[in-house]
Protein chains: 2
Amino acid sequence: MNTPSTPTPVNPMQQLANQLCFPLYAASRMLTKAYQPYLQELELTYPQYLVLLLLWEHEELTVKALGEQLILDSGTLTPLLKRMEQKQWLSRRRDPTDERMVLIRLLPAGRDLQARACHIPKQLLKKLALTSTEFDALRGQLQHILTQLA
Amino acid sequence: MNTPSTPTPVNPMQQLANQLCFPLYAASRMLTKAYQPYLQELELTYPQYLVLLLLWEHEELTVKALGEQLILDSGTLTPLLKRMEQKQWLSRRRDPTDERMVLIRLLPAGRDLQARACHIPKQLLKKLALTSTEFDALRGQLQHILTQLA
DNA sequence: CAAGGTTTAATTGTGCACAATTAAATAATC
DNA sequence: GATTATTTAATTGTGCACAATTAAACCTTG
């Protein structure tokens, strides 16, 4: 009872790309939500947490360097960093030797968060419940995708 | 030359969870960007495209059903669907038999997009450059994560 | 050293994403 | 059948995410 004038196309959601891209999109959002209970205690969002991860390593970074590491532009970072500045977690100042650049420096209150956040990765790993093998495979494939789409 | 009073913690970004969660977060955003050139031609965003994928299959769905499939709540969907309604891709009306529900129905202009979008999945697959084996493994692992975090 | 080009952030505007609240309709229970 | 509880969308408010533009500082090259 299918009229030849309206050929039923392949079930669109069953298309291979959609079977991968939607789960990736959804998993990313679920993951952010999984962090939420831990980050909320620290009044932190996931992107802000990523900024701190980098500052805990380097103490001082330019906006550009942060943007390159996180693949985020100044349109995202500038207001985010201003919010973090207001909470005294970091400072923002122009580089005196090159006024184009803005130096983001970790402040004591931001350093203090490190100890309070150090348990988070372990909690997340537990939630994910991946074997070591699965973990490595997934990381590798995500890296492949990042490389491909870079 | 390391003072014992400041024990250097494990490089935070090297923590296992961060080596997985950040790539997942980044890959998801890169993927959305990879769709952009194709979707832009159709004046469509990625979440709007996902709504259409479902409507191409079902013609009419409630907001609740869309939300369950896409893991999005009315706070996200209501304004998104209103924008799509304005473009005449779909209609929104209360279910007469249960006024709590809003029925989203595909309109002709929304149906027309199906033919214009049908090449997109193949283009994306090409960009991802995954072998069939990698593809299945990745899909399975993302599914695992979605299940774990559900 | 002046003109033109490049680099770096900030700004502007649009569109998710989601928590929390509200409000209306329906269902359940007494 | 009125009371209470549940379901469903909409609303409100905050915070990304990103394209496009702007503006200042710096660099280059003639």
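Keep in mind that what you see is a predicted model, and the values were worked out from it rather than measured.

Asker: Could you clarify how one ought to interpret the overall build of chain A in this entry?
Answerer: Summing up its helical and strand segments, chain A has seven helices and three strands in all. For chain A, the succession of helices and strands along the chain, N to C, is α-α-β-α-α-β-β-α-α-α. Here chain A has a C-alpha radius of gyration of 21 Å; the compact-globule value for 150 residues is 15 Å, and the former is much larger. Its C-alpha atoms give chain A principal-axis dimensions of roughly 75 × 40 × 25 Å. In chain A, buried positions account for 45% of the 150 residues. A separation of at least 24 residues holds for 53% of the contacts in chain A among residues at least 6 apart in sequence. If the 17 positive side-chain charges of chain A are averaged to one point and the 14 negative ones to another, these points end up 5 Å apart.

Asker: Help me understand the domain arrangement of chain A in this model?
Answerer: When the parts of a complex come together, some accessible area is lost, and that lost area is often used as the size of the interface. Domains assigned within chain A are domain 1 (42-118) and domain 2 (119-150). Distance from the C-alpha centre of domain 1 of chain A to the C-alpha centre of domain 2 of chain A: 24 Å.

Asker: Could you clarify how one ought to interpret the protein's contact with DNA strand C in this entry?
Answerer: Taken together, the neighbourhood of DNA strand C is formed by 29 residues, with Tyr25, Ser74, Thr78 and Lys82 of chain A together with Thr45 of chain B sitting nearest. In DNA strand C, atoms within 4 Å of the protein come from the sugar-phosphate backbone in 81% of cases. Between DNA strand C and Tyr25 of chain A there is a distance of 2.3 Å, counted from a phosphate oxygen to a side-chain nitrogen or oxygen. Separating a phosphate oxygen of DNA strand C from a backbone N or O atom of Val63 of chain A is a distance of 3.3 Å.

Asker: Where do I start with the protein's contact with DNA strand D in this structure?
Answerer: In the vicinity of DNA strand D lie 29 residues, with Thr45 of chain A together with Tyr25, Ser74, Thr78 and Lys82 of chain B positioned nearest. Among all atoms of DNA strand D positioned within 4 Å of the protein, those belonging to sugar or phosphate total 81%. Take Val63 of chain B: an N or O atom from its main chain is 3.3 Å from a phosphate oxygen of DNA strand D. Looking at the surface near DNA strand D, the elements with two or more residues in it are helix H2 (46-58), helix H4 (74-86) and strand S3 (98-106) of chain A together with helix H1 (16-41), helix H3 (63-70), helix H4 (74-86), strand S2 (90-95) and strand S3 (98-106) of chain B. A breakdown of the residues in the surface near DNA strand D according to their chemical character gives eight nonpolar, nine polar and 12 charged.

Asker: Honestly, the pairing of strand S2 (residues 90-95) of chain A in this entry has me stumped. Any pointers?
Answerer: Two faces, one strand: in a regular strand the side chains alternate between the faces of the sheet. Residue and element names in this part refer to chain A. As paired elements, S2 and S3 share six bridges and run antiparallel to each other. Across the sheet, residue Leu90 finds its bridge partner in S3, namely Leu106. The turn linking S2 back onto S3 is made up of two residues.

Asker: Mind showing me how you'd approach the relation of the copies chain B and chain A here?
Answerer: The operation relating the two chain copies consists of a rotation about an axis and a shift along that axis. The transform that puts chain B on chain A rotates by 180° and translates by 0.0 Å along the axis, for an RMSD of 0.0 Å. On the angle and the small slide along the axis, the relation comes out as a two-fold axis. Looking at chain B, 100% of its interface residues are interface residues in chain A too, so the copies touch through the same face.

Quick notes on the rules
Residues numbered from 1 in each chain as written. Chains lettered and ligands numbered in written order. Predicted model: local features only at pLDDT ≥ 70, side-chain atom pairs only at ≥ 80, totals over all residues. Heavy atoms only, no water. Helix = DSSP H or I, 4+ residues; strand = E, 2+ residues; numbered from the N terminus. Rg over C-alpha atoms; globule rule 2.2 N^0.38 Å. Buried < 20%, exposed > 50% of the residue type's maximum accessible area, 1.4 Å probe, protein only. Contact = heavy atoms within 4.5 Å. Lys, Arg positive; Asp, Glu negative; His and termini not counted. Charge placed at Lys NZ, Arg CZ, Asp CG, Glu CD. Domains from an automatic or database assignment. Near = heavy atom within 4 Å. Polar contact = N/O pair within 3.5 Å; in protein donor to acceptor, adjacent residues only side chain to side chain. Nonpolar A, V, L, I, M, F, W, Y, C, P; charged D, E, K, R; others polar. Pairing = 2+ DSSP bridges. Least-squares fit on C-alpha atoms with pLDDT ≥ 70 in both.

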